[in-house]
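# Structure at a glance
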Amino acid sequence: MLAMDQGMVEEWLSEFKTLPDSAVPTYAASLKDKGALVPALYKVIRENYSDLLEPVCHQLFEFYRSGEPQLQRFTLQFLPELLWSLLSVSAARDPHTSGCIEALLLGIYNLEIVDKDGQSKVLSFTVPSLSKPSVYHEPSAIGSIALTEGALANHGLSRVVYSGPHLQRETFTAQNRFDVLTFLLLCYNAALSYMTAPSLQSLCQFSSRVCICGYPRQQMRRYKGISTRLTVTSEFLVQLITGIHYALCNGEVELGSKALDDVLYRAQLELFPEALLVGNAIKSSLHGAALKNNNKEGARSIQVEITPTSSRISRNAVTSLSIRGHRWKRHGETENDAAVGGVAVPEISVTGVSGERMPNGDSLRPRPDGRAQPDCDPLGGASEVSMDPRGHDSGTRGQEVRRQKSINNPIK
C-alpha cells in the first residue's frame, strides 16, 4: 500500500472521531467528493494483514451504527469485498486474520434484524399477481387466462411472503454462516441504486470467484486465487443474481455476463432449482437486448420490455350498450320483406318456386295473363287467400277450411 493512500486513510479515521453530532449529515454528504478514499479503503480490505484493517472495520461499523443513511450506504458499498475476504480466509483456515471483518459483518446483521425499539423485524414481500400489469410483465402478453371459479376467487388477491424474525448471532459457525451472509446481501440489494461502479464490479468479481473456485471453470477464467471449493446455498445465489442483474443493466455488461454464467454454472452443478429459475429467466430477458457499456453515469435502472400502452377495451368488444344498439340482420333479408304486426316474418319457401311473397308465407305465381295465382298446396290443394287486409283474419280461417276440404278430396 502506498504511503499516500495510507495517509489518506489515517486522516479519514481521525476526522470522524472529532465531529459533533450536528455535523454528521454534512460530513456524510462530503464523502462522495473524496474520490481517492474509496480505492484506498479497498486496498486495506484486500490486505488481510494490514495494520489499518481493524480500525477501518471499526470505523465502518460506527458509520452504520450512526443511523445516517448516507453513512450506512458508504459502508454497504464494501460489502462484496468484505464477504470475499471472510470466505477466502475461512477456506484457507486462518480465522485469526478475519476477526475484525467477522465483527463488522455480525454487527451490521444484528443492527438490521431489529427496529429502532430493539424488537425483531419481520420483513414482508408482496408477490405480484400475473393478472395485473407490473414493470416486469403485461397480462395481455401472457395470453388468455381461463376464468375458472378458482381464478375468479383469487383475482385481485396479493400473496405476501414474510421473512423473520431472525435470531441474534454472536459468532459465525458452519451452520449459520450463509444465513447471515444471505441476509446481508439482501440489505445490499435493497440499496443497489446507490451503489457505485467499483462496488458493482466488486460484486460481479465476488460472484464469479465464489462459484468457480475449486471447479474446472477456474482454470478457464485463469483465476489464480484459492482453489478450495466454497459451500453455497440456493438462497445465497439468488441474492447474487439479483445484484448481477442490476449491474448488467447499469454499465457492467462484460463482468455481469461472466458472473451470471458462473452462477448458473454452479447452480447446475449443485442442482439448485431457485437459482436456475431466476438466472435463466434474467438471461432470457436480456437475450438480444441492447445493453450499453456507457450507462455508468446515467440514471440507474433495470431494463425490461414493456408493451406499448393501448386501449384496454377493443372497439369490437360486446357490451350491454352495443347489444342494445346492435341491429341484428337475418341472412338473406331484404328491404322488400313484409312484416306482420311490425315483426319481420322469416323467408320460407314451400314449393321452391319464385314469386311474390304473401304475409303468411305463401307466394303468388305470375300467370300468363299477368294476374297473380296462389301457389298450390303441397298436398295438391289450391290455397286461396283474401287480399283484403280487413278480412285477413276471416280469410285465414276460410283458407284453413278450404284447405281441409282439398285434403279430404284430393285432385285426381
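Calculation criteria
- Residues numbered from 1 in each chain as written.
- Predicted model: local features only at pLDDT ≥ 70, side-chain atom pairs only at ≥ 80, totals over all residues.
- Heavy atoms only, no water.
- UniProt positions renumbered as here; feature names shortened; annotations may be inferred.
- Helix = DSSP H or I, 4+ residues; strand = E, 2+ residues; numbered from the N terminus.
- Buried < 20%, exposed > 50% of the residue type's maximum accessible area, 1.4 Å probe, protein only.
- Contact = heavy atoms within 4.5 Å.
- Areas by Shrake-Rupley, 256 points an atom, 1.4 Å probe, with all protein chains shown as cover.
- Polar contact = N/O pair within 3.5 Å; in protein donor to acceptor, adjacent residues only side chain to side chain.
- Phe/Tyr/Trp six-rings, centres within 6.5 Å; stacked < 30°, edge-to-face > 60°.
- Expected span 1.5 Å × (residues − 1).
- Core = buried A, V, L, I, M, F, W, Y, C linked by side-chain atoms within 4.5 Å.
- Axes fitted to C-alpha atoms, helices over the stretch in contact; angles between N-to-C directions.
- Parallel < 35°, antiparallel > 145°, perpendicular 65-115°, else oblique.
- Left-handed = near helix turned anticlockwise from the far one by under 90°.
- Nonpolar A, V, L, I, M, F, W, Y, C, P; charged D, E, K, R; others polar.

In the nomenclature of an unreviewed UniProt entry, the protein chain is known as Hyccin PI4KA lipid kinase complex subunit 1 of Cyclopterus lumpus. Turning to the protein chain, the UniProt annotation filed under Sequence similarities (unreviewed entry) states: "Belongs to the Hyccin family."

It is worth spelling out the overall build of the protein chain at this point. Counting its secondary structure elements, the protein chain contains 17 helices and 7 strands. Per-residue burial over the protein chain gives 34% buried out of 412 residues. Pairs at least 24 residues apart make up 68% of the contacts formed inside the protein chain by residues separated by at least 6 positions. Taken as a whole, the protein chain presents about 25,900 Å² of accessible surface, with 53% of it coming from carbon and sulfur.

All right, on to the side chain of Ser 88 then. Here Ser 88 is to be found in helix α6 (residues 79-91). Here the side chain of Ser 88 touches Trp 84 through a polar contact of 2.8 Å, landing on its backbone oxygen.

It is worth spelling out the environment of Gly 164 at this point. By secondary structure assignment, the location of Gly 164 is in the loop between β2 (159-163) and α10 (177-190). When the C-alpha atoms of Gly 164 and Ile 113 are compared, they prove to be 8.2 Å apart, with 51 residues separating the residues in sequence.

Under the definition given, this model contains 13 aromatic pairs. With centroids separated by 6.5 Å and ring planes inclined at 65°, the aromatic side chains of Trp 84 and Phe 206 adopt a geometry described as edge-to-face. In this pair, Trp 84 sits in helix α6 while Phe 206 sits in helix α11 (residues 197-212), placing the two residues 122 residues apart along the sequence. Like Phe 206, Trp 84 is buried.

What follows covers helix α7 (residues 99-112). Helix length check: α7, at 14 residues, gives a terminal C-alpha distance of 20 Å against a target of 20 Å (1.5 Å per residue), a fit within 8%. Where burial is concerned, most of α7 is hidden: 10 out of the 14 residues are buried. Where α7 is buried, its residues touch α4 (53-65), α5 (69-76), α6 and α10.

Residue pairs three or four apart in sequence face the same way in an α-helix, which turns once every 3.6 residues. Helix length check: helix α13 (residues 234-248) (15 residues) gives 21 Å between terminal C-alpha atoms against 21 Å at 1.5 Å per residue, within 8%. Judged by how many residues are buried, α13 sits mostly within the fold: 12 of 15 residues are covered. Considered for burial, the residues of α13 that qualify are Ser 234, Phe 236, Leu 237, Gln 239, Leu 240, Ile 241, Gly 243, Ile 244, His 245, Tyr 246, Ala 247 and Leu 248. Buried positions along α13 lie against α10, α11, α14 (253-270) and α15 (273-285).

For the rest of this paragraph, the subject is the nonpolar core. With 82 residues, the main nonpolar core has Trp 12, Phe 74, Leu 105, Leu 181, Phe 236 and Leu 237 as its most contacted residues. Once residues lying within four places of it in the same chain are set aside, the contact partners of Phe 74 are Trp 12, Leu 31, Leu 37, Val 38, Leu 41, Leu 60 and Phe 63.

Relative to each other, α6 and α10 sit at 165°, their axes nearing to 11 Å. Put simply, α6 runs roughly antiparallel to α10. Crossing angle aside, the handedness with which α6 passes α10 is left-handed. Residues Leu 79, Pro 80, Leu 83, Leu 86, Leu 87 and Ser 90 of α6 pack against Arg 177, Phe 178, Leu 181, Leu 184, Leu 185 and Tyr 188 of α10. Considered class by class, the residues forming the contact of α6 with α10 number 10 nonpolar, 1 polar and 1 charged.

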